[in-house]
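A structural walkthrough
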Amino acid sequence: MAFFDQKTGYGFYGFYGVAVIAIALGIFIRFINIEGKVYWHDETYTALFSTGHSRNEAIDLIFSNELLSAADLQTLQQVDPERGVPELLQRLVEEDPQHPPLYYLVARWLMGVWDNAVLGSRLAAILFGVLLIPATYWFGLELSGTHLLGLMGAAIIATSPFHYLYAQEAREYSLWALTTVLSSAALLRSLRRPTLQSWLMYGLTLVASLYGCLLSILVIGSHCVYGVLQMRRYGWPIIRNVLSTVAISVILFLPWLRVINDVNAASWTSNPLPLSALAKTWIGHVTRLFFDINFDASTPLWAVLPVAVLALGLMGVSLGWALTHGRNSSMFLLFLLGGVTLCAFLLPDLLIGGRRSSVSRYLIPTYLSLQLIVAWFLASRLSCQPRARRRVWTAVIAIVLTAGLTSCYVSSFADTWWHKKNSHHNPAVARIINAEPGALLISSNNNVNLGELMSLSHRFNPEQKILAFNDKQGQLPQVPEGFDTVFIFNISKRAKKAFREDKRYTIEKVYAQGRLDRLLRNVD
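Residues numbered from 1 in each chain as written. Predicted model: local features only at pLDDT ≥ 70, side-chain atom pairs only at ≥ 80, totals over all residues. Heavy atoms only, no water.

Details of the overall build of the protein
Helices and strands together make up the secondary structure of the protein, namely 22 helices and 6 strands. Taking 524 residues into account, the globule formula puts the C-alpha radius of gyration at 24 Å, and the protein, at 25 Å, falls close to it. Taken over the C-alpha atoms alone, the protein extends approximately 85 × 50 × 45 Å along its principal axes. For the protein, the proportion of its 524 residues judged to be buried stands at 56%. Taking the contacts inside the protein whose residues are at least 6 apart along the sequence as the reference set, 78% of them involve residues at least 24 apart. For the protein, the exposed surface amounts to about 22,300 Å²; the carbon and sulfur share of it is 62%. Between the centroid of the 44 positive side chains of the protein and the centroid of its 34 negative side chains there is a distance of 15 Å. (Helix = DSSP H or I, 4+ residues; strand = E, 2+ residues; numbered from the N terminus. Rg over C-alpha atoms; globule rule 2.2 N^0.38 Å. Buried < 20%, exposed > 50% of the residue type's maximum accessible area, 1.4 Å probe, protein only. Contact = heavy atoms within 4.5 Å. Areas by Shrake-Rupley, 256 points an atom, 1.4 Å probe, with all protein chains shown as cover. Lys, Arg positive; Asp, Glu negative; His and termini not counted. Charge placed at Lys NZ, Arg CZ, Asp CG, Glu CD.)

See below:
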């Protein structure tokens, strides 16, 4: 391998110790405080569909204008022995076909084993997040032919706060990261050793990738482009096998693909966002690959800028090195893997407007490619002479890995983080309501409240009473007697106006960011 000196020295041995410790800590920290962070809006739908319940069932139960307890809402997210895999598949086909079933099937199994919606569904993500680490090692080995890049890549992924977050979220994105890395490594292995076993392995990883995340089509597209461009090196018969394996995998995915008629769940990503806001988001997401202590839009620029400059500087130097020194054909696969996905979301934003490229989870292949290019650059520095330079670069690597581990540690004890979106303030909302024993919460089917109320149910005391009504019928609920405190959560402007016009009540703001108000009874 041209990139690495096969001689060993202090830099190698010192790095091996640092990397192994970092990987062990990265795996360990994924199991800390699994239920600590808010079980947010999207995760509740994972539990809902994994247990074979439908959105309409949830709507009919929750927005029935009847008093319910938080425990009642959680029944929709618990395994029902009478609802098995057929019901799970039916729910996804009818209500959420853009999310293929593989993650949901694993989540349902673990939810049944642990009899806990939050723990079981998140353990599936942790399982895939942990497997991503050795998979990255294998991918690095296939990319470079050396264990050094494999270990460097595994260490960077293990300590990355970005991958830590999605390894503890009950959605399919850690599975997508895993299948992206596995299928790419299997492709390189098949090109290097074109045996039947290699092609079968590649095909299986492609099928798993497609049934794990619909966006895997972009990853497969990058594989096809790479195969065609490598025809001169490998010859048409081998490239034909690549394309044939891809075709067979897509055919095996057709039973699910044919039920996807109209994907509008992500239509919100077409809402325009100023270019300056997009750029700020891009910088934030890239920085979070290596360091993240929950910087968000409200964080002062002076606090973010030094970290962003260092992270962007490291990536800029790594990309520059890859473009000027990375003549290995495998390096080109990383550029394609990241570039195809990036262009699929960035170009529409630039040409017709939108915020597709601001959604970090959509760009997982791009971020994996960036991190592996950085890993490749750092690994190449360990072959520097003299030995003093290797020591310096080992120290740099230790700093990068420590920054990631520190971020993961800080995040592990938080009850919310930037990626929780709609439900970001739900822990604070629940604390306010739980502090008022015997309080009543009034809400409605306004906006995203179905998922928000299911999310809050995991934070409330089990006996917390909830009265949710159909906001679209134009009638306010009858507020029952016997509650000293009544809260209102995220009802529509029209309903809130109707309460204000009712002389029996006064509305008092409690927590604007959390969409929480207090309903006071006026004394005659």
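Brief notes about the packing of helix α10 (residues 173-192) against helix α12 (residues 216-229)
Interaxial distance between α10 and α12 falls to 10 Å at its minimum, and their mutual angle equals 20°. One element, α10, and the other, α12, form an angle in the roughly parallel class. Judged by the twist between their axes, the crossing of α10 over α12 is right-handed. Every residue of α12 that contacts α10 at W176, T180, S183, S184, L187, L188 and L191 is listed here: S216, V219, H223 and Y226. Residues that form the contact of α10 with α12 fall into these classes: 6 nonpolar, 5 polar and no charged. (Axes fitted to C-alpha atoms, helices over the stretch in contact; angles between N-to-C directions. Parallel < 35°, antiparallel > 145°, perpendicular 65-115°, else oblique. Left-handed = near helix turned anticlockwise from the far one by under 90°. Nonpolar A, V, L, I, M, F, W, Y, C, P; charged D, E, K, R; others polar.)

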